[in-house]
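# Structural overview for review
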Amino acid sequence: MIAYLMSWLSIRTDKRAVTALEYGLIAALIAVVIITAVTTLGTKLSSTFTSVSASL
């Protein structure tokens, strides 16, 4: 029982998991921003090419 309690306390004081979670959230946020930007840019670029093609 004491060994379990000691291991539980060492897990609670270990900050590596929290740091990894924060890095994961930051990476996910950056990925969402990049996907949104690329999608928006692709849509605008497609409409621009369509407009240029129609005018030619």
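Now for a look at the structure at hand.

Each value, and the rule that gives it
- Residues numbered from 1 in each chain as written.
- Predicted model: local features only at pLDDT ≥ 70, side-chain atom pairs only at ≥ 80, totals over all residues.
- Heavy atoms only, no water.
- Helix = DSSP H or I, 4+ residues; strand = E, 2+ residues; numbered from the N terminus.
- Buried < 20%, exposed > 50% of the residue type's maximum accessible area, 1.4 Å probe, protein only.
- Areas by Shrake-Rupley, 256 points an atom, 1.4 Å probe, with all protein chains shown as cover.
- Patch = residues over 30% accessible without salt bridge, like charges linked within 9 Å, V, L, I, M, F, W, Y side chains within 5 Å.
- Salt bridge = Lys/Arg side-chain N within 4 Å of Asp/Glu carboxyl O.

Attention now goes to the overall build of the protein. Scanning the protein from terminus to terminus reveals two helices and zero strands. Split into buried and exposed, the 56 residues of the protein put 0% on the buried side. Accessible area of the protein: about 5,200 Å², with a carbon and sulfur share of 75%.

Our focus in this paragraph is a nonpolar patch on the surface. On the surface, Tyr23, Ile26, Ile30, Ile34 and Val38 cluster together into a nonpolar patch covering about 530 Å² of accessible area. Its place among the elements puts isoleucine 34 in helix H2 (residues 16–55).

Purely geometric numbers; function is a separate question.
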